[in-house]
Amino acid sequence: MTGSSEARESRGVDQVAAGLVACLPALNRQLKQLIDRELPYPKLPERQLALLQYVAEHDGATVHMAADALRMMPNNVSALVTRLTEAGLLERHQDDADKRVAHLCVTALARQRIGEVEKIAAAQLAPALRHLTDGDLDALGSALGALGALSRRLRDESV
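Residues numbered from 1 in each chain as written. Predicted model: local features only at pLDDT ≥ 70, side-chain atom pairs only at ≥ 80, totals over all residues. Heavy atoms only, no water.

**Describing the overall build of the protein**
Piece 1. Of regular secondary structure, the protein possesses six helices and two strands.
Piece 2. Overall, the protein shows an N-to-C arrangement of helices and strands of α-α-α-α-β-β-α-α.
Piece 3. Whereas a compact globule of 159 residues would reach a radius of gyration of roughly 15 Å, the protein reaches 20 Å, over 25% beyond that.
Piece 4. Principal axes of the C-alpha set define a box for the protein whose edges measure 60 × 40 × 20 Å.
Piece 5. The buried share of the protein, reckoned over its 159 residues, is 19%.
Piece 6. Long-range pairs, those at least 24 residues apart, make up 51% of the contacts in the protein with a sequence separation of at least 6.
Piece 7. Approximately 11200 Å² of the protein is accessible, and the part contributed by carbon and sulfur atoms is 57%. (Helix = DSSP H or I, 4+ residues; strand = E, 2+ residues; numbered from the N terminus. Rg over C-alpha atoms; globule rule 2.2 N^0.38 Å. Buried < 20%, exposed > 50% of the residue type's maximum accessible area, 1.4 Å probe, protein only. Contact = heavy atoms within 4.5 Å. Areas by Shrake-Rupley, 256 points an atom, 1.4 Å probe, with all protein chains shown as cover.)

Shown next as structure tokens:
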């Protein structure tokens, strides 16, 4: 690749990065606000929600695995686990080989609430998507795979 094409490609990458940095947090904030208005129960604190989402995606994870993934101290994660267990959203299962290790699982109630939030989010997004042009909607649909890959790449690089 020549120097000028590298610079052009770098400007393109920088432009996409800047656009995502500007757009994604605003979209996330707006969606969270819409969801919070619709929830029939109090919203979980951000760290509890992050832990619950992690365990929902990594059934059987340990406190240390969750702490590493969420970049938190294990004792803080353990305290969150206690709160979520008391709320009926998480369960701890002792490891058969090492009784000091607990494996975390979300409860049926937690799965139900996660499903409710996803349903509310989709219901809030759908009307806005219907107002987009066919081209914009096609572009967003095409970008879903790339955004998923970008998310996985960022997660994997931050571990």
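**Details of the packing of aromatic side chains**
Piece 1. According to the stated counting rule, one finds zero aromatic pairs in the structure shown.
Piece 2. It is R113 that lies over the ring of Y41; its NZ or CZ is 4.0 Å from the centre. (Phe/Tyr/Trp six-rings, centres within 6.5 Å; stacked < 30°, edge-to-face > 60°. Lys NZ or Arg CZ within 6 Å of the ring centre and 35° of its normal.)

**Remarks on the side chain of T62**
Piece 1. You can see T62 is positioned in the loop between α2 (46–57) and α3 (63–70).
Piece 2. Not counting chain neighbours up to four residues away, the residues in contact with T62 comprise V101, A102, H103 and L104.

**Some thoughts on the packing of α2 against helix α4 (residues 74–86)**
Piece 1. Two elements in contact, α2 and α4, have axes separated by 10 Å at closest approach and are oriented at 85 degrees. In terms of axis orientation, α2 runs roughly perpendicular to α4. Contacts between α2 and α4 involve R47, Q48, L51 and L52 from the former and N76, V77, L80, V81, R83 and L84 from the latter. (Axes fitted to C-alpha atoms, helices over the stretch in contact; angles between N-to-C directions. Parallel < 35°, antiparallel > 145°, perpendicular 65-115°, else oblique.)

**A word on α4**
Piece 1. The end-to-end C-alpha distance of α4 is 18 Å, a good match for the 18 Å that 13 residues give at a rise of 1.5 Å each.
Piece 2. Looking at the packing, one finds that the buried side of α4 touches α2, α3, β1 (90–94) and β2 (102–106).
Piece 3. After α4 finishes, the residue G88 shows a positive phi value of roughly 80 degrees. (Expected span 1.5 Å × (residues − 1).)

**Brief notes about the pattern of salt bridges**
Piece 1. Under the defined criterion, the tally for this structure stands at three salt bridges.
Piece 2. The partner of E46 in a salt bridge is K32, with the nearest N and O atoms 2.7 Å apart. Separated by 14 residues along the polypeptide, E46 in helix α2 and K32 in helix α1 (residues 3–38) bring together distant segments of the chain.
Piece 3. Its relative accessible area of 28% is what places K32 among the partly exposed residues.
Piece 4. Here R100 ties to D98 by a salt bridge, and the two come within 3.0 Å at their closest N and O atoms.
Piece 5. By relative accessible area, which is 23% here, D98 ends up partly exposed.
Piece 6. Here the residues in one salt-bridge network are K32, K43 and E46, joined through shared partners. (Salt bridge = Lys/Arg side-chain N within 4 Å of Asp/Glu carboxyl O.)

**Here's the deal with the environment of G12**
Piece 1. Its place among the elements puts G12 in helix α1.
Piece 2. G12 gets classed as partly exposed once you look at its relative accessible area, which sits at 28%.
Piece 3. The spatial distance from the C-alpha of G12 to the C-alpha of N28 is 24 Å, given a sequence separation of 16 residues.

**Focus: the environment of Q112**
Piece 1. Of note, Q112 is situated in helix α5 (residues 108–130).
Piece 2. A residue is classified by how much of its surface remains accessible, and Q112, at 45% relative accessible area, is partly exposed.

**With respect to the nonpolar core**
Piece 1. Counting residues in each nonpolar core, the largest one holds 18 residues, and the members touching the most others are L51, L52, V55, V77, V81, L90 and V106.
Piece 2. Of all elements in the fold, only α2, α3, α4 and β2 reach the threshold of two or more residues within this core.
Piece 3. Excluding anything up to four places from it in sequence, L51 contacts A66, L70, V77, L80, V81, L84 and L90.
Piece 4. Counting six residues, the second-largest nonpolar core is a separate cluster that includes L31, I35, I120 and A121. (Core = buried A, V, L, I, M, F, W, Y, C linked by side-chain atoms within 4.5 Å.)

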